[in-house]
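Overview (structure and organization)
Letter by letter, the chains look like this.
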Amino acid sequence: MSERLLYLSRNDVKGLGIDPGEAREAVLAAFRDHAAGLNRSLPKSALGLGPGHGFQAMTAASQPSGIAALKWVSMAPVGPNSPVPGINALICVSDYESGAPLAVLDGDEITLIRTAALSAAAAARLAPAAPRTIGFVGCGLQAQAHLAAFNALYPGLKTALAFSRSRSSAEKLAQVARTSGLSAEIASDVDDLLARSDIVISMVPGAPGLKPFLDARRMKATAFASAVDIGRSWIPESLPAFDVLATDSLEQSKAPYDVDGNPVDTVAFGHDLVALAGTPHSTAPAGRSFFCFRGFALADLALAHLVVTRATERGIGISLPR
């Protein structure tokens, strides 16, 4: 049994400079392994305490990677300009064979990378081949991670549209987009954003009194949307406008979720990334496609493995006694 435990802080994880394309491919490999029966994951366990408030546990184990991982996530409502994060996460990593604890990682940065990697992985299997405009509904740190992930996947992107309840976060995202070589606009009309975007990323946090406001019928006839917000911002009655609806794991989710966290009854998922990782959808790129996910523990495990391996190679982190 190991008597040492590696601790990686948020700055340690950031300092590794994980490439968005590398993260996307790690996620796809984990889903292919899952389809082949080489790893296992439990559905997310969630304790809800109110809108945008609760705790979650996500567990997975991978024989090829040689590790098991648990991510512990807390969520609490925060104001639009709050300096306090609304989501906090830690990841615990153990050896697959012996069960010995190996590492404790700050999960916030890994969650940013893995969530964007999941959206990009789905887009690689569902989205139009050469998107030019990407629209963001919600413009926090997760939007910036998605911007990096989609820039890496689609170097032909030209324009970013930013819509947010916080003007300052929209301006910050627009500036990041311009720095990365895109033109950028702050959108005042969300329907206009939907009508102009080839890719839409919705990241609206849960909050008391939130009402769905994104209408899928306003989107281009050929477009892709990733609902990082589990679907709460989308009008349920509009979701049949999507030709293809997919999630990370059909075992975990059957339909998008409404503002109260309940599955909608207007549509059901027909595909998941477990299958799509190996075989891209044949018709989705020619229509409207929707990817909505609660977060599958295998994606966190894939990124945790990548981070621990890279940190060990570079001697990054703090070795702690158990």
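Right, let's walk through the structure included here. (Residues numbered from 1 in each chain as written. Predicted model: local features only at pLDDT ≥ 70, side-chain atom pairs only at ≥ 80, totals over all residues. Heavy atoms only, no water.)

**A short note on the overall build of the protein**
Threshold: In this text, helices come from DSSP runs of H or I with a minimum length of four residues, and strands from runs of E with a minimum of two, each type numbered from the N-terminal end. Radius of gyration: over C-alpha atoms. The globule rule applied is 2.2 Å multiplied by the number of residues raised to the 0.38 power. For every residue, the accessible area obtained with a 1.4 Å probe (protein chains only) is divided by the maximum for its type, and the residue is called buried under 20%, exposed over 50%, and partly exposed between those limits. Contacts between residues were defined by any pair of non-hydrogen atoms, one from each residue, lying within 4.5 Å. Only the protein chains shown count as cover for residues, with accessible areas throughout obtained via the Shrake-Rupley method and a probe of 1.4 Å.
In terms of helices and strands, the protein carries 8 helices and 16 strands. Its C-alpha atoms give the protein a radius of gyration of 19 Å, near enough to 20 Å, the size a compact globule of 322 residues would have. Here the protein, with 322 residues, has 52% of them falling under the buried criterion. At a minimum sequence separation of 6, the contacts of the protein that also span at least 24 residues come to 71%. Accessible surface, the protein as shown: approximately 13700 Å² in total, 54% of it carbon and sulfur.

**Things to note about the pattern of salt bridges**
Note the threshold: Here a salt bridge means any side-chain nitrogen of Lys or Arg lying within 4 Å of a carboxyl oxygen belonging to Asp or Glu.
Scanning the entire structure with this criterion turns up 13 salt bridges. Salt-bridge contacts for Arg196 lead to Glu185; the nearest nitrogen and oxygen are separated by 3.0 Å. Taken together, the positions of Arg196 in helix H6 (residues 190-196) and Glu185 in strand E10 (residues 183-186) put the pair 11 residues apart, joining distant regions of the chain. Residue classification places Arg196 among the partly exposed positions, given a relative accessible area of 32%. Residue Glu185 is classed as partly exposed on the basis of its relative accessible area of 36%. Taking the shortest distance from any N to any O, the salt bridge between Arg196 and Asp192 comes out at 3.4 Å. Of this pair, Arg196 and Asp192 are both found in helix H6, 4 residues apart, which corresponds to roughly one turn of the helix. The partly exposed category is assigned to Asp192, whose relative accessible area is 35%.

**Comments concerning the sheet that holds strand E11 (residues 199-202)**
Formally: What makes two strands pair is DSSP finding at least two bridges between them. Note on method: axes are straight lines fitted to C-alpha atoms, helices fitted across the in-contact stretch only, with angles between N-to-C directions ranging 0 to 180 degrees.
Here we have 8 strands laid out as an open sheet, ordered E10-E9-E8-E11-E12-E15-E13-E14, and parallel in their pairing. On the outer flanks of this sheet lie E10 and strand E14 (271-272), each paired with one strand and no other. Examined bridge by bridge, strand E13 (residues 244-247) and E14 share 2 bridges and lie parallel to one another. Each residue of the ladder has a partner; that of Ala246, found in E14, is His271. Sheet contacts for helix H4 (residues 141-153): strand E8 (133-137), E11 and strand E12 (223-227); angle to E8, the most-contacted strand, approximately 165°.

**Regarding the nonpolar core**
Here is the rule we go by: The nonpolar core is taken to be a set of buried Ala, Val, Leu, Ile, Met, Phe, Trp, Tyr and Cys residues, with the residues joined through side-chain atoms within 4.5 Å.
Membership of the largest hydrophobic core comes to 76 residues, with the highest contact counts inside it found for Leu105, Leu126, Phe136, Phe150 and Phe224. Non-local contacts of Leu126, meaning those with residues more than four positions away in its chain, are made with Phe224, Val244, Ala246, Leu276, His281, Ala284, Pro285, Ser289 and Phe291. Counting 26 residues, the second largest nonpolar core, distinct from the first, contains Leu194, Ala241, Val264 and Phe290.

**Some details on the packing of helix H2 (residues 20-35) against helix H8 (residues 297-314)**
Note the cut-off: In what follows, roughly perpendicular refers to angles from 65 to 115 degrees, roughly parallel to angles under 35, roughly antiparallel to angles over 145, and oblique to any angle outside these ranges. Helix crossings get a hand from a simple test, with the near helix turned counterclockwise from the far one by less than a right angle marking a left-handed crossing and a clockwise turn marking a right-handed one.
In the contact formed by H2 and H8, the axes pass within 9 Å of each other and the chain directions differ by 125°. In terms of their interaxial angle, H2 and H8 are classed as oblique. Crossing of H2 over H8 shows right-handed handedness. Residue-level inspection shows Glu22, Ala23, Ala26, Val27, Ala30 and His34 of H2 in contact with H8, the latter providing Leu298, Ala299, Ala302, Leu303, Leu306 and Arg310.

**Looking at the state of the cysteines**
Using the following cut-off: Cysteine sulfur atoms that pair up within 2.5 Å are treated as a disulfide.
Summed over all chains, the structure comprises 0 disulfides. Here Cys139 is not cross-linked by a disulfide; its sulfur's nearest cysteine counterpart is in Cys292, at 19 Å.

**A closer look at helix H5 (residues 167-179)**
Put simply, the rule reads: Under the convention used throughout, the expected extent of a helix is 1.5 Å for every residue step, that is, one less than its residue count.
The end-to-end C-alpha distance of H5, which contains 13 residues, comes to 18 Å, matching closely the 18 Å that a straight helix rising 1.5 Å per residue would cover. Buried residues belonging to H5 abut E8, H4, strand E9 (159-163) and E10. Gly181 occupies a position one or two residues after H5 and carries a positive phi of about 105°.

**Considerations on the packing of aromatic side chains**
The condition that has to hold: Working definition: rings of Phe, Tyr and Trp (its six-membered ring) pair if their centres are within 6.5 Å, and the pair is stacked with planes under 30 degrees apart, edge-to-face with planes over 60 apart, and tilted otherwise.
With the rule as written, the count across this model stands at 8 aromatic pairs. Between Trp234 and Phe290, the ring centres sit 5.5 Å apart and the planes meet at 80°, which makes this aromatic pair edge-to-face. Of this pair, Trp234 sits in the loop between E12 and E13 while Phe290 sits in strand E15 (residues 288-292), and the two are 56 residues apart along the sequence. Residue classification places Trp234 among the buried positions, given a relative accessible area of 1%. Seen from their ring centres, Phe242 and Phe290 are 4.7 Å apart, and the 35° between their planes marks the pair as tilted. Remark: Phe290 occurs in strand E15 and Phe242 occurs in the loop between E12 and E13; sequence separation between them is 48 residues.

These figures come from the coordinates and say nothing about function on their own.
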